[in-house]
Amino acid sequence: MHPIATSKDKTIRPAGIRFVAVLNSLLAIAFMVTIASGIWLNTAWRDDSAELVTSLRTWHLVAGIVSIISGCMHIWVNRGWYRHLLQVEPSKWYCVVQYRLMPVFTMLFVAVAVTGILILCGLHGLISFHQGCGLLIGVFAIGHMVARLKALIR
């Protein structure tokens, strides 16, 4: 089996690339379902549609759990980005947009995941914060996916 690409510390084999492609596809689909169900859930909740709220809450919960798990795996697979970020001086971060956005994106991901878990535990006062962070991470995620798709097409 011939390697597709090499780096200093590892060789990326076709099976690894397929895993990353499946993981990224799963993350994108689950994330979009989570965002859509969250926005729809908020609208249905305001309209007092109890049956719709119950089913949307289930979709949002399942898609959110899949998003958290696949998001953590995505961060693990791309841990070299974080390693490189820690090796670069913060004064050089302004040169590369990725260095400015990655910490913000990661903090939003953690905030949405933690507040989602706390909401499940009964802290319903965090719903507005969860919604705000969820919308922000949705905008960041769409931008990230578009940028990565452009890079993959090249």
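Scroll up for the structure.
Residues numbered from 1 in each chain as written. Predicted model: local features only at pLDDT ≥ 70, side-chain atom pairs only at ≥ 80, totals over all residues. Heavy atoms only, no water.

A. Expanded view of the packing of helix α2 (residues 50-77) against helix α3 (residues 79-87). Across the interface, α2 lies against α3 with an axial gap of 4 Å and an inter-helix angle of 55°. By the angle between their directions, the pair α2 and α3 is classed as oblique. Mapping the contact onto sequence places H74, I75, W76 and V77 in α2 and R79, W81 and Y82 in α3. (Axes fitted to C-alpha atoms, helices over the stretch in contact; angles between N-to-C directions. Helix = DSSP H or I, 4+ residues; strand = E, 2+ residues; numbered from the N terminus. Parallel < 35°, antiparallel > 145°, perpendicular 65-115°, else oblique. Contact = heavy atoms within 4.5 Å.)

B. Structural detail: the nonpolar core. By size, the foremost hydrophobic cluster in this structure holds nine residues: F31, I35, L108, F109, A111, V112, C133, I137 and A141. Contributions of two or more residues to this core are made by α1 (14-46), α4 (97-120) and α5 (127-153). The greatest single-element share of this core, amounting to four residues, is contributed by α4. Not counting chain neighbours up to four residues away, the residues in contact with C133 comprise L108, A111 and V112. (Core = buried A, V, L, I, M, F, W, Y, C linked by side-chain atoms within 4.5 Å. Buried < 20%, exposed > 50% of the residue type's maximum accessible area, 1.4 Å probe, protein only.)

C. Just α2, in detail. With 28 residues, α2 ought to run about 40 Å at 1.5 Å a step, and its terminal C-alpha atoms sit 40 Å apart, in line with that. When we look at burial in α2, the residues that qualify are V53, L56, H60, A63, G64, S67, S70, G71 and H74. (Expected span 1.5 Å × (residues − 1).)

D. Local environment of the packing of aromatic side chains. Tallied over the full model, the rule gives one aromatic pair. Taken together, a centroid distance of 6.2 Å and an interplanar angle of 25° make the contact between F105 and F140 stacked. Taken together, the positions of F105 in helix α4 and F140 in helix α5 put the pair 35 residues apart, joining distant regions of the chain. For F140, a relative accessible area of 25% gives the class partly exposed. Note that R79 overlies the ring of W76, its terminal NZ or CZ placed 4.3 Å from the centroid. (Phe/Tyr/Trp six-rings, centres within 6.5 Å; stacked < 30°, edge-to-face > 60°. Lys NZ or Arg CZ within 6 Å of the ring centre and 35° of its normal.)

These figures come from the coordinates and say nothing about function on their own.
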